Amino acid sequence: MDAIRIYGGNCLNGQTRIQGSKNASLPILAATLLINGTCEIENCPDISDVYHMQRLLESLGCSVEREGTLVRVDATGLSECRMPSDSVGVMRSSVMLVGALLARIGSICMEYPGGCVIGARPIDLHLFSLRQMGVAIEEKENGFCAKAAKLHGATLMLPFVSVGATENLILAAVLADGVTVIEPAAREPEIQALCEFLQSAGAQIEGAGTERLVINGVKSLMPVRYRVPADRIVAGTYISACMCTGGRVFLQNAPVHHMKSVLSYADKMGAAIEYESDGILVIGKDHESTCNIVTTGCYPAFPTDLQSPFMVVMAASTAGGRIEETVFENRFRIVPELRKMGANIMIHGNVAYIGGDSKLHGAIVEAQELRGGAALVVAALSAEGTSIVTNRHYIDRGYEDIVLSLRDLGADVELA
Ligand code: UD1
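Every value quoted in this text rests on a predicted model; they were computed, and no experiment measured them. (Residues numbered from 1 in each chain as written. Predicted model: local features only at pLDDT ≥ 70, side-chain atom pairs only at ≥ 80, totals over all residues. Heavy atoms only, no water.)

**Focus on the state of the cysteines**
Using the criterion set out here, one finds 1 disulfide in the structure. Covalent S-S linkage joins Cys109 and Cys145, the inter-sulfur distance amounting to 2.0 Å. As the torsion about the S-S bond is roughly 110 degrees, the Cys109-Cys145 disulfide counts as right-handed. Pair noted here: Cys109 is in strand β6 (residues 107-111) and Cys145 is in strand β8 (residues 143-147), with a separation of 36 residues, a long-range link. Residue Cys145 is classed as buried on the basis of its relative accessible area, which comes to 17%. We note that Cys44 lacks a disulfide partner, and the nearest cysteine sulfur, in Cys39, lies 11 Å from it. In this structure Cys244 is not part of a disulfide, and its nearest cysteine sulfur, from Cys242, lies 9.3 Å away. (Disulfide = S-S within 2.5 Å. Helix = DSSP H or I, 4+ residues; strand = E, 2+ residues; numbered from the N terminus. Buried < 20%, exposed > 50% of the residue type's maximum accessible area, 1.4 Å probe, protein only.)

**Describing the pairing of strand β18 (residues 321-324)**
With burial as the criterion, only one face of β18 is covered, namely that bearing Gly321 and Ile323; the residues Arg322 and Glu324 on the opposite face remain uncovered. Bridge analysis of strand β17 (residues 293-295) against β18 gives 3 bridges, and the strand direction is parallel. The partner of Thr295 across the bridge, within β18, is Glu324. For the segment spanning β17, helix α10 (residues 307-316) and β18, crossover handedness is right-handed. Pairing of β18 with strand β20 (residues 351-354), which is carried by 4 bridges, proceeds in the antiparallel orientation. Across the sheet, residue Gly321 finds its bridge partner in β20, namely Ile354. (Pairing = 2+ DSSP bridges. Right-handed = clockwise from strand over helix to strand, strands pointing away.)

**Here's the deal with the pattern of salt bridges**
Considering all chains together, one arrives at 18 salt bridges under this definition. The partner of Arg72 in a salt bridge is Glu65, and the shortest N-O contact between them spans 3.3 Å. With its nearest N and O atoms 3.3 Å apart, the salt bridge here joins Asp357 to Lys359. A single network of salt bridges, built from pairs that share partners, joins Glu40, Glu42, Glu65, Glu67, Arg72, Arg225 and Arg227. (Salt bridge = Lys/Arg side-chain N within 4 Å of Asp/Glu carboxyl O.)

**Concerning the sheet that holds strand β2 (residues 12-17)**
With mixed pairing, the 4 strands of this open sheet are ordered in space as β2-β14-β16-β15. Because the sheet does not close on itself, it has two edges, and the strands there are β2 and β15 (272-276). Each strand of the sheet is rotated relative to its neighbour by a mean of 15 degrees, with strand direction disregarded. By the bridge criterion, 6 bridges tie β2 to strand β14 (residues 247-252) in an arrangement that is parallel. Among the inter-strand pairings, Gln15 is bridged to a residue of β14, identified as Phe250. Helix α8 (residues 232-245) rests against β2, β14 and β16 (279-284) of the sheet, and its axis sits at about 170 degrees to β14. (Axes fitted to C-alpha atoms, helices over the stretch in contact; angles between N-to-C directions. Contact = heavy atoms within 4.5 Å.)

Such coordinate-based values are descriptive only and should not be taken to indicate function.
Encoded structure:
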């Protein structure tokens, strides 16, 4: 069955290694399309989203090999300009291939991308900005075709910050004629990783990690080897689990520099964090909470991807709390499932009010998207009794063997 069974109530104690970042691996794999020759991407997580991206690259004519966490991509044979709809349908990041494909082969047809069901998630900003770079786009009911004889640089003033649009436009701009300015650009660590990868391949990008990116198009890029940073969202998920169950958990390789906001909230919400040279030790539940109010936002604010796991922390605490979601309008889908486990949560617009002292109990609950699914596993770990989280495939999109990692931490979990 596509599920995880969790016998709740164990304190977590132990250590686990944090996998490479999903949200950094995907655009970097897309960026290999811009390069003739073999790129080697180290620390690529073994998760289904990366597997789908590998398949997409293969179907476009690239040669792709995986050896453990090393993925080799040679895009010399890139030929196809239509993406297979089964992979596009499940993964929103497939849209990231558009900028790179237009730069390399000048045309692309695809269906509108899928991904988590956490809001409308349109791609209007991507298409609006690509048009300013010389792309002709014909939109149809289920998809679009885009064509550009040659992309040219442009000053792209965006109405709001988008991670995916920033990545797509960077990929379109690095080989375009002239200078592209992207403002406001997203500042997420994953954008910085993409820029580092491209810079090491010869791209001219200024302002990575700031709100203003200036990209001077170059004629070509060269193959490189790059190591993907650790996944701050996976690390944050395990922090939330330890906060719910109590115990002491060492997260090896946790990318602390990218987690300032999460670590500061965790500290205010009662966790103790000890910093070591190769990771962090999280001590859950022994401390008094001084603040249970979280507002999500673009980096460096608290990440929307950790909103559901931290909602569970609040539901499992005596104090309860309040969460304001400012990025995705539909990211409270987990609430009815948490109520089945005894949580007391009220939604008003984009704010969730979480009553404390709920004493969560086991239940059969349904994962409906990636991070919400992982959060249900976190809730089940702290609940009394047995839970089953169905639709495990959503969780597999972003977590490398979550069952094994949780067992390393002393949890009583199994595939069901
Ligand atoms: C990326 C991350 C996702 C994270 C999100 C916000 C990846 C693979 N995914 O998603 O995990 O939760 O950033 O940090 O890196 N929007 C539009 N039109 C557009 C583009 C976006 O209206 O053309 C809206 C979206 O609906 C959303 C907001 O802008 O409400 C932010 O979306 P965006 O930053 O683009 O998120 P993604 O790149 O999809």
